[in-house]
Amino acid sequence: MAMMPIFAPLKKIGMSIMTPLKRHKVKALLTSQEFEQSVRVCGWVKTQRTGKKFSFCELNDGSGLHNLQVVVDNALIAPEVLKRAATGAAVCIEGLLVKSQGKEQAVELQAQKLEILGEADGETYPLQKKAHSLEFLREQAHLRSRTNTFGAVFRLRNAVSYAIHHYFYQKGFVYVHTPIITASDTEGAGEMFAVTTLPLDNCPKLEGQVDWKQDFFERPAHLTVSGQLNAELAALGLGEVYTFGPTFRAENSNTTRHLAEFWMVEPEMAFYDLADNMALAEDFLKYLIRWTLDHNRADIDFLQENYEPGLVAKLEGVLASDFIRLDYTEAVSILQESGRQFEYPVQWGSDLQSEHERYLVEQHFGKPVIVINYPKDIKAFYMRLNADEKTVAAMDILFPGIGEIIGGSQREERPDVLLRRLHEMGLPEENYWWYLDTRRYGSAPHAGFGLGLERILMFITGMGNIRDVIPFPRTPGNAEF
RNA sequence: UCCCCCAUAGCUCAGUUGGUUAGAGCGAAUGACUGUUAAUCAUUAGGUCCCUGGUUCGAGCCCAGGUGGGGGAGCCA
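1. Considerations on the environment of Gly208
The topology assignment puts Gly208 in the loop between strand E9 (205-206) and strand E10 (209-210). For Gly208, a relative accessible area of 59% gives the class exposed. With 88 residues separating them in the primary sequence, Gly208 and Asn296 have C-alpha atoms 58 Å apart.

2. Side note on the nonpolar core
If you look at the biggest cluster of nonpolar residues, it comprises 67 residues, and the most contacted ones within it are Ile164 and Phe399. Excluding anything up to four places from it in sequence, Ile164 contacts Tyr242, Phe244, Val265, Phe284, Leu288 and Leu453. Formed by 32 residues, the second largest nonpolar core is a distinct cluster that contains Leu360, Val369, Tyr374 and Val417.

3. Some words on the packing of aromatic side chains
Tallied over the full model, the rule gives 22 aromatic pairs. Arranged with centres 4.9 Å apart and planes meeting at 40°, the rings of Phe168 and Phe173 form a pair that is tilted. In terms of burial, Phe168 and Phe173 fall into one category: buried. Relative to Tyr435, the ring of Trp434 has its centre 6.3 Å away and its plane inclined at 80°; by these criteria the two rings are edge-to-face.

4. Notes on the confidence of the model for chain A
Confidence in the prediction for chain A averages 91 pLDDT; 95% of positions are at 70 or higher. The low-confidence segment residues 1-17, where pLDDT is below 50, has four contacts with residues more than four positions distant or belonging to other chains. At the level of chain-chain contacts, confidence expressed as ipTM amounts to 0.92, with global pTM at 0.93.

5. Observations regarding the packing of helix H7 (residues 274-295) against helix H9 (residues 311-320)
Close contact between H7 and H9 brings their axes to 9 Å; oriented N to C, the two are set at 140°. In terms of their interaxial angle, H7 and H9 are classed as oblique. When the axes of H7 and H9 are compared, the crossing they make is left-handed. Of the residues in H9, those touching H7 at Lys286, Ile289, Arg290 and Leu293 are Val312, Leu315, Glu316, Val318 and Leu319. Here the contact of H7 with H9 is built from residues that sort into six nonpolar, no polar and three charged.

6. Thoughts on the protein's contact with RNA strand B
Close to RNA strand B lie 55 residues, the nearest being Gly51, Lys52, Glu108, Thr255 and Arg455. A distance of 2.6 Å separates a base oxygen of RNA strand B from a polar atom in the backbone of Gly51. A distance of 2.7 Å separates a base nitrogen of RNA strand B from a polar atom in the side chain of His258. Put simply, the parts of the chain that give the surface near RNA strand B at least two residues each are strand E1 (37-49), strand E2 (54-60), strand E3 (68-73), helix H4 (134-138), strand E13 (261-270), helix H11 (354-365), strand E17 (403-410) and strand E18 (446-452). Across the surface near RNA strand B, the residue classes tally to 10 nonpolar, 23 polar and 22 charged.

7. Thoughts on the sheet that holds E18
Strand order in this open sheet of eight strands is E6-E12-E13-E18-E17-E16-E15-E14, and the pairing throughout is mixed. One side of each edge strand has no neighbouring strand; the edge strands of this open sheet are strand E6 (174-175) and strand E14 (324-327).

The rules behind these values
- Residues numbered from 1 in each chain as written.
- Chains lettered and ligands numbered in written order.
- Predicted model: local features only at pLDDT ≥ 70, side-chain atom pairs only at ≥ 80, totals over all residues.
- Heavy atoms only, no water.
- Helix = DSSP H or I, 4+ residues; strand = E, 2+ residues; numbered from the N terminus.
- Buried < 20%, exposed > 50% of the residue type's maximum accessible area, 1.4 Å probe, protein only.
- Core = buried A, V, L, I, M, F, W, Y, C linked by side-chain atoms within 4.5 Å.
- Contact = heavy atoms within 4.5 Å.
- Phe/Tyr/Trp six-rings, centres within 6.5 Å; stacked < 30°, edge-to-face > 60°.
- pLDDT = per-residue confidence, 0-100.
- Axes fitted to C-alpha atoms, helices over the stretch in contact; angles between N-to-C directions.
- Parallel < 35°, antiparallel > 145°, perpendicular 65-115°, else oblique.
- Left-handed = near helix turned anticlockwise from the far one by under 90°.
- Nonpolar A, V, L, I, M, F, W, Y, C, P; charged D, E, K, R; others polar.
- Near = heavy atom within 4 Å.
- Polar contact = N/O pair within 3.5 Å; in protein donor to acceptor, adjacent residues only side chain to side chain.
- Pairing = 2+ DSSP bridges.

Right, here's the structure in full:
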């Protein structure tokens with residue numbers, strides 16, 4: 001039998017049984033030309049202005065930045081109902097869509113019916129009809145999606161996420177799901193969150209050590225710090241792949257650029273060298289920025305007006321610029337010859353500090369910079385060793401105001417060199433047998449990189465704190481909501 | 001983890017050399033008025049001055065410790 005009977009009764013459930021009118025989204029109504037039509041619209045009241053004959057409600061349903069102005073003839077809607085449609089209340093309104101008499105908007109809704117779905121007591125509702133600080137809203141993260149700012153930010157987050165999939169899909173990349181729980185450590189360093197079913201207060205012990213054989217995975221397991229190694233496995237078969245998912249770092253980082261839980265995009269491509277990798281990364285970043293300018297301009301304009309003057313020009317500037325390719329060794333020379341007094345000394349072999357990166361990007365070049373060929377000792381074991389035997393084919397893309405937005409490399413595909421590097425780093429070979437296998441059998445040159453979703457979002461939104469571009473941020477000591 | 005700064009009304013903040021009854025703007029409630037635009041005007045309510053201890057005749061203010069928040073650094077995406 002067909003499954004149709006299951007759906008038939010569903011149609012009669014909910015509000016649709018109360019009214020034959022179709023529910024419209026605010027965003028669609030604001031550009032609608034179909035005047036004198038009866039419509040139904042649901043949303044949250046942003047503000048209300050009451051008068052003797054007419055009252056005005058501004059309604060927002062999250063579909064866009066702009067509100068729908070609802071005009072209420074006080075003779076049609078009972079005053080006690082109108083009073084309950086205060087700031088923060090969820091309401092459903094039926095009325096006539098008309099050309100607005102006011103100057104601030106093209107259309108408005110003349111209310112005929114107003115139903116209160118959920119009240120918001122003005123005495124206690126935390127979000128007031130006024131500007132709030134980002135710090136305060138962080139403590140009200142459960143409600144901040146209702147604000148203009150976070151509505152704009154989260155719609156942009158959605159747009160960037162969608163654009164990521166769109167970009168790779170149209171290029172023929174395969175989206176692979178890499179594991180969240182892992183027993184390997186991609187970086188060979190970095191604090192990880194443990195995943196265990198063992199009781200912490202009464203761990204089974206064997207000769208004084210934790211008896212991992214009794215744990216769920218029969219070995220220590222962690223939340224992933226990167227999907228890269230798994231993505232490499234997939235790339236050496238599927239060709240061009242990417243993974244996009246949550247990533248976890250248990251570092252005690254208290255900065256505006258770090259989260260304990262964040263989202264990372266990691267493309268991995270067979271038969272790519274470092275130059276191909278850079279070209280892809282640059283094209284990819286520009287695509288994401290172009291996408292948001294094309295699809296979320298109202299949100300970006302709002303953020304420019306309220307948070308970062310010149311935001312649009314900054315984004316368009318990146319689109320118009322060719323990213324600088326800069327050898328690490330050359331970067332060190334530029335810094336040493338800059339005549340600048342840095343807090344940390346610049347010397348070949350040390351990693352570039354924030355102040356060094358900022359100087360290169362913001363002072364010296366004034367555009368995004370890709371620094372390549374770092375000393376091998378400050379980079380991970382899987383990066384391809386260059387012919388000089390001193391540097392690896394790494395690349396860091398540095399953005400103004402953000403710092404490192406992408407980190408990547410050509411991967412070491414030569415089994416003997418990879419094994420040597422593994423040993424030099426003091427990593428246990430047996431933990432990586434499956435990784436090494438891909439070099440033993442049909443190894444091929446390949447490359448990839450990681451983009452922090454929140455980092456690019458900070459750049460696109462102009463938000464200065466990474467906690468304001470993720471709905472529910474996890475940082476040391478903070479896992480509320 | 002290290003360094004610096006902050007904590008006073010629902011929010012943003014002022015508060016004199018330590019001195020009687022702690023203020024403003026915004027928000028809220030109530031009313032007036034108005035096709036309004038974060039409307040306007042009036043009235044009213046609203047405080048464990050973050051917590052604990054100390055100095056002092058007397059602490060919102062000075063000192064110590066704690067808690068919470070912010071900024072910077074390191075680590076990185």
